[in-house]
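# Reading the structure
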Amino acid sequence: MNFAEHLARFKAGVYSTYNLGQIPDWIEAKTKLRGRLYSFKNHEFQKAVLADTSQEVNCQKCSQIGMTEAQGRWSLGACRVFPGFSVIYTMPYSNDAALLCRTRVDPIISESPDLKGSVNPDLNNSEVKQFGMSFIYFRGTQGNTQALSTPADAIVSDEIDRSSQAILDQYTSRLTHSAWKLRRNFSTPTVDGYGIAAKMDTSRRFRNLCICN
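These notes cover the structure that comes with them. None of the values given here were measured: they were computed from a predicted structure.

## Things to note about helix α2 (residues 23-30)
Among the residues making up α2, those that are buried are Ile23, Pro24, Trp26 and Ile27. Buried residues of α2, seen end-on, are gathered within an arc of 155° and therefore sit on one face of the element. Buried residues belonging to α2 abut α3 (44-50), α4 (67-81) and α6 (113-118).

## A few points about the layout of surface pockets
By volume, the largest pocket is sized at about 950 Å³. Asn58, Cys59, Gln60, Met200 and Phe206 are, among the 29 residues lining the largest pocket, the residues nearest its centre. Among the secondary structure elements, those contributing two or more residues to the lining of the largest pocket are α3, β3 (56-60) and α8 (195-201). The element that contributes the greatest number of residues to the lining of the largest pocket is β3, accounting for 5 residues.

## As for the sheet that holds strand β5 (residues 119-124)
On the basis of which strands lie adjacent, the open sheet formed by 7 strands has the order β3-β9-β8-β4-β7-β6-β5 and mixed pairing. Both edges of this open sheet fall to β3 and β5, since each of them pairs with a single strand only. The mean angle between the axes of side-by-side strands here comes to 15°, regardless of whether they run parallel or antiparallel. When strand β4 (residues 86-90) meets strand β8 (residues 154-158), the two strands line up parallel, connected through 4 bridges. Bridging from a neighbouring strand, Ile88 pairs with Ile155 of β8. Contacts from α4 reach β3, β4, β6 (128-131), β7 (134-139), β8 and β9 (182-187) within the one sheet, and its direction differs from that of β4 by about 165°.

## Some details on the pairing of β8
Summarising burial for β8: 5 of the 5 residues are buried, a large majority. Judged from the 5 bridges that link them, β8 and β9 form a sheet pairing that is parallel. The partner of Asp158 across the bridge, within β9, is Phe186. With respect to chirality, the unit in which β8 leads through helix α7 (residues 165-171) into the neighbouring parallel β9 is right-handed.

## Remarks on the nonpolar core
A general trend in soluble globular proteins is that nonpolar side chains are found buried together. Counting 40 residues, the largest nonpolar core has Met67, Trp74, Phe85, Val87, Phe131 and Phe138 as its most contacted members. Top element by residues in this core is α4. It accounts for 7 residues. What Phe85 contacts, discounting residues up to four positions off in sequence, is Ala78, Cys79, Met133, Ser134, Phe135, Asp153, Ala154, Trp180 and Leu182. Counting residues in each nonpolar core, the second largest holds 13 residues, with Ile88, Tyr137, Leu175 and Met200 among its members.

About the criteria used
- Residues numbered from 1 in each chain as written.
- Predicted model: local features only at pLDDT ≥ 70, side-chain atom pairs only at ≥ 80, totals over all residues.
- Heavy atoms only, no water.
- Buried < 20%, exposed > 50% of the residue type's maximum accessible area, 1.4 Å probe, protein only.
- Helix = DSSP H or I, 4+ residues; strand = E, 2+ residues; numbered from the N terminus.
- Arc of directions from axis to C-beta.
- Contact = heavy atoms within 4.5 Å.
- 1 Å grid on protein atoms, 1.4 Å probe; cavity = no way out; pocket = protein on both sides within 12 Å on 5 of 7 lines; lining within 4 Å.
- Points joined across faces, edges and corners; volume = space filled by probe spheres on them.
- Pairing = 2+ DSSP bridges.
- Axes fitted to C-alpha atoms, helices over the stretch in contact; angles between N-to-C directions.
- Right-handed = clockwise from strand over helix to strand, strands pointing away.
- Core = buried A, V, L, I, M, F, W, Y, C linked by side-chain atoms within 4.5 Å.

Below, the structure is given as structure tokens:
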């Protein structure tokens, strides 16, 4: 068992709640989609990705498979499962991050009594949201100030191939004082040896093969 897994189990025992690998269970129990409890049925691969307890998880994907919303739910779940937990969710541009927050994350919160009841109304906007003592920040990667002055336990980076690789590297320093130091990178690939493809080349790889109707 590695350090991250041990820490997750320890915290789960202390808080008598979910551990890192059970965040997908929290998603199914506490969030909804179109008025019904969320389910990974027909999207089982999402659950496998979200349940991975590795410190760094890389996901090379095709388009329109729901991973952006799934990672948004994971980010919200981590903030609710672990008190005092902070997530930075990055998109290529600040406008992308704000749009993601308003069109993907806000509807998840509005449909979840747990999230809606725990969000701080005075700190609930398209840049940062507070749940108890936990925070989720939405940031772009195309400005030198984007990665500054925001500590985090997890960095979730969406569409890294369209993001500034230098700024993504700067975000790593935001994890320095965290016991978790979690990275979640996912993107559709562009060219070999760059972005998500480069990360996959140095990762332990799993493939999910599906039959297209």
